[in-house]
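Breakdown of the fold
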Amino acid sequence: MEDTFLTIASASEGIYKDKGSKFIAFAYPVESEDEIKEKIDSVRKKYFDARHHCYAYRLGIGGERYRANDDGEPNNSAGKPILGQIVSHNLTNVLVIVVRYFGGILLGVGGLIQAYRQATADALDNAKIVQGIQTCVYSIQFDYTVMNQVLKVVKDMCLECFDQKFDQVCSMKIKVRTGMVEQMTGRLEKIESVKTVNDI
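Keep in mind that this is a model prediction, so the values were computed, not measured. (Residues numbered from 1 in each chain as written. Predicted model: local features only at pLDDT ≥ 70, side-chain atom pairs only at ≥ 80, totals over all residues. Heavy atoms only, no water.)

We now examine the overall build of the protein. Counting its regular elements, the protein contains five helices and eleven strands. Whereas a compact globule of 200 residues would reach a radius of gyration of roughly 16 Å, the protein reaches 22 Å, over 25% beyond that. Considered along the principal axes of its C-alpha atoms, the protein spans approximately 75 × 30 × 25 Å. Within the protein, the proportion of its 200 residues that are buried is 42%. Taking as baseline every contact in the protein between residues at least 6 positions apart, the subset at least 24 positions apart corresponds to 72%. Surface summary for the protein: the accessible area is close to 11000 Å², and the carbon and sulfur share equals 48%. Looking at the protein, you have 25 positive and 26 negative side-chain charges, and the mean spots of the two groups are 5 Å apart. (Helix = DSSP H or I, 4+ residues; strand = E, 2+ residues; numbered from the N terminus. Rg over C-alpha atoms; globule rule 2.2 N^0.38 Å. Buried < 20%, exposed > 50% of the residue type's maximum accessible area, 1.4 Å probe, protein only. Contact = heavy atoms within 4.5 Å. Areas by Shrake-Rupley, 256 points an atom, 1.4 Å probe, with all protein chains shown as cover. Lys, Arg positive; Asp, Glu negative; His and termini not counted. Charge placed at Lys NZ, Arg CZ, Asp CG, Glu CD.)

What follows is the structure in structure tokens.
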């Protein structure tokens, strides 16, 4: 289905050493830019004594949102090779941060590109690749009298519900895979009084 993508199951690490410099790569599955910022801040705090904290990420089903950051290394010598590895592994919703401890000998731009690429490749090779499913959230409102009909659709389609409130007017939020949205809204629209809103 068009709503699936490849990502990593959980955090993983990789390492590369060259001429005394040590490059430690941390790969994380992520879903938002807020989550990415938290992970970067956390790694910066934990490895505060490192010379550089370079990173790249890719988000969205087609990897349409991405960023690469060299964090003081020569232009395109760190973030770009990190991002290149994420792309060549065909992954999205992934963040890789590479922490560098300087060993006293300059590696040159070619050496840096190789180091950041290899550290990232090691972290991604150590990760378990899994199929992710793109989902979205819908808010649903309906009269109490049609609750059983709504819950039947939820059960038939194995939808995930949360924030449920049952009163005269009932409401709930539903997480649905994007490939099933049309089917879900089509069925719910046939039930009287049901209103659906995409929360995005």
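Turning to the pattern of salt bridges, a few remarks are in order. Applying the stated criterion to the full structure yields eight salt bridges. Measuring nitrogen to oxygen at the nearest pair gives 3.6 Å for the salt bridge that ties R65 to E33. Linking R65 in strand 5 (residues 65-69) with E33 in helix 1 (residues 33-46), this pair joins segments that are 32 residues apart in sequence. On the basis of relative accessibility, which here comes to 38%, the residue R65 falls in the partly exposed class. For E35, the salt bridge is made with K39, and the minimal N-O distance between the two is 4.0 Å. Of this pair, E35 and K39 both sit in helix 1, four residues apart, which is roughly one turn of that helix. Under the relative-accessibility criterion, E35 is labelled partly exposed at 25%. Looking at K39, the relative accessible area reads 25%, which means it is partly exposed. (Salt bridge = Lys/Arg side-chain N within 4 Å of Asp/Glu carboxyl O.)

What follows is about the layout of surface pockets. Its volume calculated, the largest pocket comes out at about 760 Å³. Around the largest pocket sit 28 residues that line it, and E31, I133, Q134, T135 and C136 are the ones nearest its centre. Counting residues per element, the ones that place at least two in the lining of the largest pocket are strand 1 (4-8), strand 7 (129-133), strand 8 (135-143) and strand 10 (169-177). Among the residues making up the lining of the largest pocket, the classes are represented as 16 nonpolar, six polar and six charged. (1 Å grid on protein atoms, 1.4 Å probe; cavity = no way out; pocket = protein on both sides within 12 Å on 5 of 7 lines; lining within 4 Å. Points joined across faces, edges and corners; volume = space filled by probe spheres on them. Nonpolar A, V, L, I, M, F, W, Y, C, P; charged D, E, K, R; others polar.)

Turning to the sheet that holds strand 4 (residues 52-59), a few remarks are in order. Overall, antiparallel pairing links the five strands, which are arranged 2-3-6-4-5 in an open sheet. At either margin of the open sheet sits one strand with a lone partner, and together these are strand 2 (12-18) and strand 5. The mean angle between the axes of side-by-side strands here comes to 15°, regardless of whether they run parallel or antiparallel. Where helix 1 meets the sheet, its contacts fall on strand 3 (21-29), strand 4, strand 5 and strand 6 (94-101), and the angle it forms with strand 4 comes to roughly 160°. Packing of helix 2 (residues 79-88) onto the sheet brings it into contact with strand 4, strand 5 and strand 6, and relative to strand 4 it is tilted by some 35°. (Pairing = 2+ DSSP bridges. Axes fitted to C-alpha atoms, helices over the stretch in contact; angles between N-to-C directions.)

Glancing now at the packing of helix 2 against helix 3 (residues 108-125). For the pair helix 2 and helix 3, the least separation of the axes is 8 Å and the interaxial angle reads 35°. Here helix 2 runs over helix 3; the crossing is right-handed. The residues of helix 3 that touch helix 2, namely those facing P81, I82, Q85 and I86, are I113, Y116, R117, T120, A121 and L124. (Left-handed = near helix turned anticlockwise from the far one by under 90°.)

This part covers helix 5 (residues 181-189). Within helix 5, the full set of buried residues consists of V181, M184, T185 and L188. Each buried residue of helix 5 lies within a common arc of 90° when the element is viewed along its axis, so the set occupies one face. If you follow the buried residues of helix 5, they end up packed against strand 8, helix 4 (147-156), strand 10 and strand 11 (195-198). (Arc of directions from axis to C-beta.)

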